[in-house]
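Here is how the chains run, residue by residue.
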Amino acid sequence: MDGQRKATEAILFGIVPMGDPRTAAECLHELALLADTAEFVPAGCMTQHRRHADPHSYFGSGKLEELTEVVKLAHSGAVICDDSLTPNQGKTIEAAVGVPCIDRSELILQIFGMHARSPQAKLQVELAALQYEMPRLRRRWTHLERQRGGIGVRGGAGEKQIDVDRNLLRTRISTIQRDLKKIEEHKEREVQGRPDLFTIALVGYTNAGKSSLMNKLTDAGVLAENRLFSTLDTRTRPWRLPGGRTVLLTDTVGFLRKLPHQLVASFHATLAEALHADLLLVLIDGSSPEAADQLRTVDEVLETLGSNSLPRITVLNKLDLVAERASLTPLWQMDPRAVPVSVLTGEGMPDLFAAIQGHLASVEQKVELLLPHSAGALHGEIRAKASVLSEFYTEAGCLMTIQASPALLGRLLAEGARVAEPGDHPPADPET
Ligand SMILES: Nc1nc2c(ncn2[C@@H]2O[C@H](COP(=O)(O)OP(=O)(O)OP(=O)(O)O)[C@@H](O)[C@H]2O)c(=O)[nH]1
Ligand SMILES: [Mg+2]
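Residues numbered from 1 in each chain as written. Chains lettered and ligands numbered in written order. Predicted model: local features only at pLDDT ≥ 70, side-chain atom pairs only at ≥ 80, totals over all residues. Heavy atoms only, no water.

### Regarding the overall build of the chain
So, point 1. For the chain, the helix and strand inventory stands at 16 helices and 14 strands.
So, point 2. Its C-alpha atoms give the chain principal-axis dimensions of about 105 × 50 × 40 Å.
So, point 3. In the chain, which comprises 432 residues, the proportion classed as buried is 48%. (Helix = DSSP H or I, 4+ residues; strand = E, 2+ residues; numbered from the N terminus. Buried < 20%, exposed > 50% of the residue type's maximum accessible area, 1.4 Å probe, protein only.)

Here it is as structure tokens:
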């Protein structure tokens with residue numbers, strides 16, 4: 001990032017439901033975080049109580065005049081809207097306030113653009129940005145022509161240029177879609193080639209602590225910081241559960257209220273990869289006043305992705321910042337089995353492990369196997385992939401009581417293990 005660049009001061013604005021008792025700053029708190037992450041300096045907040053946005057100007061005309069006054073007084077360089085604006089609304093607002101108007105989608109796209117690292121994430125962000133740009137080309141050009149009006153630009157040049165630009169965008173969009181398809185096919189093969197380990201995906205609201213939990217449980221060393229959308233890439237690492245068994249843990253991009261649909265669409269493959277999981281850990285910042293809204297948003301996004309029927313454990317993180325446990329009551333009403341933890345202090349982690357083990361016990365089968373000496377090579381694999389509840393060596397081989405997925409059991413039986421029979425047990429010692 002250019003250290004010389006002076007951050008632009010921006011006035012934040014948005015519509016709130018009639019009767020919402022919160023202050024403008026409280027209502028726009030998340031937008032302020034987004035603006036800050038995108039390196040704007042939030043310099044003021046303005047809200048209007050309305051049932052619906054004005055289709056032409058978003059705010060009503062009186063309120064828009066007020067916003068214009070504030071922009072002038074504060075010498076702000078931009079205004080940032082809490083919602084996605086239609087191209088027409090954006091144009092009307094810019095004409096009134098006289099500085100660039102950035103809407104929520106554009107802001108989120110900028111942040112994704114700043115944080116994208118892998119070729120896949122970069123392409124996904126570019127695709128979403130181009131799709132966002134397409135219907136707005138006209139606005140950009142009328143804007144440019146107005147700015148350059150005094151220096152002899154002939155009328156209508158923009159119109160032709162819009163057609164040229166639109167064609168360029170279409171070509172670029174199809175190239176990106178083709179490149180992404182190749183990357184996705186490659187990743188799909190990678191996922192299919194994974195060993196048959198139980199897979200847990202960390203999903204949830206952005207900044208809830210997913211990457212911090214991943215780092216705590218594995219040696220992933222992924223970036224975890226107090227910014228929105230630090231993680232844009234899916235990363236999968238083995239995690240040795242207490243007891244020695246290994247599962248796979250996947251960290252991925254966070255969710256957010258009013259996420260631009262272009263982004264959800266273009267990150268669909270990344271999210272779908274994460275959602276190839278056997279269990280979801282849904283992380284929420286339990287200390288946030290908006291935790292219940294965060295949980296609802298995560299539900300909505302999972303539903304959009306067709307993944308709301310996957311088994312899940314809700315995790316209420318940042319318990320160290322929760323002053324009164326009673327404040328978690330609304331969340332427990334939404335999910336009575338939600339587990340409160342603090343990834344930072346470790347509080348509640350044993351409860352989370354117990355909840356995961358409990359889930360495993362409910363979906364896996366418990367059997368006693370005899371592993372004959374001839375199939376001894378399977379021993380290491382069983383220890384890594386299944387929960388071993390007891391183990392006993394006899395003359396015929398190793399008697400193991402294990403808990404494993406039906407798929408793994410099927411394979412073990414096909415490769416030489418067999419279900420133990422009463423005769424496999426050594427006779428009881430008459431002395432005892
Ligand atoms: N106080 C407190 N802070 C935490 C805890 N867990 C994580 N954090 C902090 O919360 C911030 C966000 O953590 P991340 O792990 O990056 O969150 P994430 O869910 O991966 O976020 P994105 O990748 O941006 O969606 C970081 O500053 C962490 O240090 C916790 O239990 N308590
Ligand atoms: Mg993260």
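Continuing now.
### Things to note about the pattern of salt bridges
So, point 1. Under the counting rule described, the total for this entry stands at 21 salt bridges.
So, point 2. E225 is paired through a salt bridge with R227; the nearest N and O atoms lie 2.6 Å apart.
So, point 3. With its nearest N and O atoms 2.6 Å apart, the salt bridge here joins R312 to D299. Separated by 13 residues along the polypeptide, R312 in strand β9 (residues 312–317) and D299 in helix α12 (residues 291–304) bring together distant segments of the chain.
So, point 4. Judged by relative accessible area, R312 falls into the partly exposed class, the value being 21%.
So, point 5. Classification of D299 by relative accessible area gives partly exposed; the value is 29%.
So, point 6. Several salt bridges share partner residues, and in doing so they unite E30, D82, D83, R104, R257 and K258 into one network. (Salt bridge = Lys/Arg side-chain N within 4 Å of Asp/Glu carboxyl O.)

### With respect to the coordination of the magnesium ion (ligand 2)
So, point 1. Within the protein, the atoms that donate to the magnesium ion (ligand 2) are S211 (OG) and T231 (OG1), at distances of 1.9 to 2.1 Å. One end of the pair, S211, is in helix α9 (residues 210–217); the other, T231, is in the loop between α9 and β6 (235–240), with 20 residues separating them in the sequence. Comparing S211 with T231, the two get one shared label, buried. (Donors = N, O, S within 2.8 Å, 3.2 Å for Na, K, Ca; no water.)

### Here we look at the packing of helix α3 (residues 61–74) against helix α4 (residues 87–97)
Between two packed helices, the angle of one axis relative to the other and the distance separating the axes together describe the packing.
So, point 1. One can describe the packing of α3 onto α4 by two numbers: an axis separation of 9 Å at closest approach and a directional angle of 50 degrees. Classified by the interaxial angle, the pair formed by α3 and α4 is oblique. Judged by the sense of rotation from one axis to the other, the crossing of α3 with α4 is right-handed. In contact with L64, L67, T68 and V71 of α3, α4 contributes I93, A96 and V97.
So, point 2. Tallied by class, the residues present in the contact of α3 with α4 amount to six nonpolar, one polar and no charged. (Axes fitted to C-alpha atoms, helices over the stretch in contact; angles between N-to-C directions. Parallel < 35°, antiparallel > 145°, perpendicular 65-115°, else oblique. Left-handed = near helix turned anticlockwise from the far one by under 90°. Contact = heavy atoms within 4.5 Å. Nonpolar A, V, L, I, M, F, W, Y, C, P; charged D, E, K, R; others polar.)

### Brief notes about the nonpolar core
So, point 1. Core analysis: the largest hydrophobic core is formed by 55 residues, its most contacted members being L34, F40, I80, L107, F112 and F229.
So, point 2. Residue contacts for I80: discarding those within four places in its chain leaves A10, I11, L12, F13, L31, A35, F40, I102 and L107.
So, point 3. Membership of the second largest hydrophobic core comes to 25 residues, among which are A208, W239, L241 and L281. (Core = buried A, V, L, I, M, F, W, Y, C linked by side-chain atoms within 4.5 Å.)

### A few points about the confidence of the model for the chain
So, point 1. For the chain, mean pLDDT is 87; residues scoring 70 or higher make up 92% of the total.
So, point 2. With pLDDT under 50 throughout, residues 144–155 is counted as low confidence; its partners more than four residues away or in other chains account for seven contacts. (pLDDT = per-residue confidence, 0-100.)

### Focus on the state of the cysteines
Each disulfide consists of a covalent bond between the sulfur atoms of two cysteine residues.
So, point 1. Throughout the structure, instances matching the rule amount to zero disulfides.
So, point 2. No disulfide involves C27; its sulfur sits 9.1 Å from that of C45, the nearest cysteine.
So, point 3. Take C27: its relative accessible area is 9%, and that puts it in the buried class. (Disulfide = S-S within 2.5 Å.)

### Describing the side chain of E364
So, point 1. Summarising the element assignment, E364 is placed in the loop between α14 (349–363) and β11 (365–372).
So, point 2. Overall, the relative accessible area of 9% leaves E364 in the buried class.
So, point 3. For E364, the side chain forms a polar contact with the side chain of R245, separated by 2.7 Å.
So, point 4. Non-local contacts of E364, meaning those with residues more than four positions away in its chain, are made with F198, R245, Q403, A404 and S405. (Polar contact = N/O pair within 3.5 Å; in protein donor to acceptor, adjacent residues only side chain to side chain.)

### As for the packing of helix α5 (residues 104–115) against helix α6 (residues 119–133)
So, point 1. Contact geometry for α5 and α6: axes closest at 10 Å, N-to-C directions at 155 degrees. Of the possible angle classes, the one that applies to α5 and α6 is roughly antiparallel. Classified by chirality, the crossing of α6 by α5 is left-handed. Counting all contacts with α5, which are made through S105, E106, L109, F112 and G113, the residues of α6 involved are V125, A128, A129 and Y132.
So, point 2. Of the residues belonging to the contact of α5 with α6, the class tally is six nonpolar, two polar and one charged.

### Some details on the site of ligand 1
So, point 1. Near ligand 1 you find 24 residues, and of these K210, S212, S230, T231 and D320 are the closest.
So, point 2. The separation between an oxygen atom of ligand 1 and a polar main-chain atom of N207 is 3.0 Å.
So, point 3. In this structure, an oxygen atom belonging to ligand 1 sits 2.6 Å away from a side-chain N or O atom of S212.
So, point 4. Relative to its free-state accessible area of 660 Å², ligand 1 is covered by the protein chains to the extent of 88%.
So, point 5. The element contributing the most residues to the shell around ligand 1 is α9, with three residues.
So, point 6. Class assignment for the residues of the shell around ligand 1 results in eight nonpolar, 11 polar and five charged. (Near = heavy atom within 4 Å. Areas by Shrake-Rupley, 256 points an atom, 1.4 Å probe, with all protein chains shown as cover.)

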